[in-house]
Amino acid sequence: MGNQCVIIEQFKFYMRHVRATPQSIKKADCLVIPFFSDKKPDVAFLSLDPGDKKYIATLAGPMKGEYECAQALLPYTLEKKIILMCLGLRTAWTQRKLVIASRKIAQACKSAKTLNVLISCVPLRVSSITLEKTCEILACNLEMGSYEFSQYKERQPHFIESIAYVYSGRSTCDAAVQKGAIIGQETHVVRNLANTPGGDMTPRHLAAEAKKQGKKYGVTVRSLGEKEMTDLKMGGILGVSRGSSEEAQLIIMEYWGAAKSKKPTVFVGKGITFDSGGLDLKPSSAMDEMHLDMSGGAAVIGAVCAIARMKLKVNVIGLIPAAENMPSGQSYRPGDVLVSMAGKTIQIANTDAEGRVILADALTYAERYSPSLVVDIATLTGAACIALGRFALGVCTPDEDLARAVCKIGEVSGDYAWPLPMWQEYEADIRGSVGDILNTVKSREAGATNGGMFLYQFAKKFPRWVHLDIAPTMTGSSDLALARGASGSGTRLLIEIVRSGL
Ligand code: BES
Ligand code: ZN
Ligand code: ZN
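Computed from a prediction, not measured in an experiment: that's the story for all the values here. (Residues numbered from 1 in each chain as written. Chains lettered and ligands numbered in written order. Predicted model: local features only at pLDDT ≥ 70, side-chain atom pairs only at ≥ 80, totals over all residues. Heavy atoms only, no water.)

## Here's the deal with the overall build of the protein
Here comes step 1: Of regular secondary structure, the protein possesses 15 helices and 18 strands.
Here comes step 2: For the protein, whose C-alpha radius of gyration is 24 Å, the value lies close to the compact-globule estimate of 23 Å for 502 residues.
Here comes step 3: Once the C-alpha set of the protein is aligned to its principal axes, its extents read approximately 80 × 50 × 45 Å.
Here comes step 4: Put simply, the protein has 502 residues, and 60% of those count as buried.
Here comes step 5: Of the contacts formed within the protein by residues at least 6 apart in sequence, a portion of 78% connects residues at least 24 apart.
Here comes step 6: For the protein, the computed accessible surface area is about 20,500 Å², with 54% contributed by carbon and sulfur atoms. (Helix = DSSP H or I, 4+ residues; strand = E, 2+ residues; numbered from the N terminus. Rg over C-alpha atoms; globule rule 2.2 N^0.38 Å. Buried < 20%, exposed > 50% of the residue type's maximum accessible area, 1.4 Å probe, protein only. Contact = heavy atoms within 4.5 Å. Areas by Shrake-Rupley, 256 points an atom, 1.4 Å probe, with all protein chains shown as cover.)

And the structure:
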């Protein structure tokens, strides 16, 4: 019997992001006033009662700490709340802090149960970037901070209906706010897909969701089942999937926003819908979050949809090999040798290093698009978490200029990225004794690089290729002002890679 299929009702209504008008100021039930500890809050643009202005100044006076927040009902201007957020010192204000402050503002508005929020953007301006970029980051992170996964709960969270932005009539900010909102909202889709339990989010269900999402924005989506993958000799995906009673899928998303003659960028995302480890079973403490092991695939779905929704004049292909890694009498075994689509044989040293095995076939499939750039994204290794902690995803590519460029784009996007070495010396470690390539190395040294090196064996035909290991940033935490569970890591980075024209 199949699993009960939970249809994800993606957000029934999204938060509306609008430019502030006299009407929206009047309609707002909450005014968000960010200010620096070394400057008085600027409320001149709000037609408030002088008594309230004085009240705000008194409240803000003692507030000094970064992200310190106060909430109050205005005593004179009736039925309006204010949320004051202290940003610390003006001279210490950065884009990274803007990201966190925006999320915390959304969380404060939610807990204050406000419906129509008015926010003054000018104080949030980061001096190293434009007001437009500031607005985009604000809108995106207001969305990201407000996210909560409540699909399986009876009690639904409070929902903010609209946000009106005050940026003193700069109409170029309108478009920036909308772009930020799109990126934030598509990140919700990614987090919903990843957070859905493994019993419901099977490979076939992931494929159905990709089709549903893609259809909204003119992305063509199809998926190959096990029969078609057998014809293509995808021994990697089929090998990993053998222990599962769920059918594996290769999800293919195509967005042609530029002339077909222009070579596309191909994204390849790991779609392990549940990673038990297989016969090399994980301990239970390491297994409970493994429904998130399709986070790379989800990021690809969200990024392709966002790019299409923004109508970017680019060509982007998304490939998501989706399978479940389970132990059973049919499972692939340690010591087995799988024949990949590329013809290279993979000697399985550990069935828990399954991500790279399914990605190998998807990378080979990518060759038919003659891409100008291939980016794969995967929750690939626990070793990347040990190396980087929670704040950066790992970047692996032998092309060091490309690694530098990706890390720089990471900083712009808010998906912070950091390079791991990919020198030729590491290649010797993954040479197989029985097959061509080992899927993992016995020692625990350089685990993230080993994963990257394995994938590189299947990416040598591409002019440029980069692997993103998002295991470190797979989940949110309170210091990131993100709800627990899936963080949507890599979605913004993939979008920004394409937008930057890399
Ligand atoms: N999905 C895991 C990696 C992972 C671990 C992601 C923790 C997020 C959080 C991957 O398939 C895996 O199990 N990797 C092994 C590789 C090892 C057997 C070489 C690991 O990291 O331990
Ligand atoms: Zn694994
Ligand atoms: Zn895995």
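The rest of the description comes next.
## A closer look at the side chain of Glu-186
Here comes step 1: Following the sequence through the fold, Glu-186 ends up in helix H5 (residues 172–195).
Here comes step 2: Of the polar contacts made by the side chain of Glu-186, one reaches the side chain of Tyr-217; its length is 3.4 Å. (Polar contact = N/O pair within 3.5 Å; in protein donor to acceptor, adjacent residues only side chain to side chain.)

## Looking at a positive patch on the surface
Here comes step 1: On the surface, Lys-113, Lys-153, Arg-155 and Arg-484 cluster together into a patch of positive charge.
Here comes step 2: As for its placement among the helices and strands, Lys-113 is situated in the loop between helix H3 (95–111) and strand E5 (116–120).
Here comes step 3: Among the residues examined, Lys-113 registers a relative accessible area of 54% and is labelled exposed. (Patch = residues over 30% accessible without salt bridge, like charges linked within 9 Å, V, L, I, M, F, W, Y side chains within 5 Å. Salt bridge = Lys/Arg side-chain N within 4 Å of Asp/Glu carboxyl O. Lys, Arg positive; Asp, Glu negative; His and termini not counted. Charge placed at Lys NZ, Arg CZ, Asp CG, Glu CD.)

## Structural notes on the pattern of salt bridges
Here comes step 1: Per the counting criterion, the structure on display carries 24 salt bridges.
Here comes step 2: Salt-bridge contacts for Asp-174 lead to Arg-19; the nearest nitrogen and oxygen are separated by 2.8 Å. Linking Asp-174 in helix H5 with Arg-19 in strand E1 (residues 16–19), this pair joins segments that are 155 residues apart in sequence.
Here comes step 3: In this structure Asp-174 comes out as partly exposed when scored by relative accessible area, which is 26%.
Here comes step 4: Lys-133 is the partner of Glu-496 in a salt bridge, and the nearest nitrogen-oxygen pair spans 3.9 Å. One end of the pair, Glu-496, is in helix H15 (residues 491–499); the other, Lys-133, is in helix H4 (residues 131–146), with 363 residues separating them in the sequence.
Here comes step 5: On the accessibility criterion, Glu-496 (11% relative accessible area) is buried.

## Thoughts on the coordination of the zinc ion (ligand 3)
Here comes step 1: Around the zinc ion (ligand 3), the donor atoms from the protein are Lys-270 (NZ), Asp-275 (OD), Asp-293 (OD) and Glu-354 (OE), and they sit 2.0 to 2.4 Å away.
Here comes step 2: In this structure, the zinc ion (ligand 3) is coordinated by six donor atoms arranged in octahedral fashion, with angles at the metal of 77 to 174°.
Here comes step 3: The sequence motif formed by the donor residues of the zinc ion (ligand 3) is K-x4-D-x17-D-x60-E.
Here comes step 4: Distance-wise, the zinc ion (ligand 2) is placed 3.2 Å from the zinc ion (ligand 3), both being coordinated by Asp-275. Here Asp-275 is found in strand E10 (residues 271–275), whereas its partner Asp-293 is found in the loop between helix H9 (284–287) and helix H10 (295–309), with 18 residues between them in sequence. (Donors = N, O, S within 2.8 Å, 3.2 Å for Na, K, Ca; no water. Tetrahedral: all angles 85-135°; square planar, octahedral: opposite > 155°, others 65-115°.)

## Points about empty space enclosed by the protein
Here comes step 1: On inspection of all chains with the given rule, the structure shows one cavity of 30 Å³ or more.
Here comes step 2: Estimated volume of the largest cavity: approximately 130 Å³.
Here comes step 3: What lines the largest cavity is a set of 15 residues, among which Glu-136, Ile-137, Val-412, Ser-413 and Arg-492 lie closest to the centre.
Here comes step 4: Secondary-structure elements contributing two or more residues to the lining of the largest cavity are H3, H4, helix H13 (400–413) and H15.
Here comes step 5: The leading source of residues in the lining of the largest cavity is H4, at five residues.
Here comes step 6: Counted by class, the lining of the largest cavity contains six nonpolar, four polar and five charged residues. (1 Å grid on protein atoms, 1.4 Å probe; cavity = no way out; pocket = protein on both sides within 12 Å on 5 of 7 lines; lining within 4 Å. Points joined across faces, edges and corners; volume = space filled by probe spheres on them. Nonpolar A, V, L, I, M, F, W, Y, C, P; charged D, E, K, R; others polar.)

## As for the site of ligand 1
Here comes step 1: Around ligand 1 sit 15 residues, and of these Asp-275, Lys-282, Asp-293, Asp-352 and Gly-382 come closest.
Here comes step 2: Contact distances for ligand 1 include 3.5 Å between a nitrogen atom and a backbone N or O atom of Leu-380.
Here comes step 3: Summarising the interface, the protein chains cover 77% of the accessible area of ligand 1, which totals 510 Å² for the free molecule.
Here comes step 4: When each cavity is represented as a set of grid points, ligand 1 is found to reside in the largest pocket. (Near = heavy atom within 4 Å. Sits in = over half its atoms within 2 Å of the grid points.)

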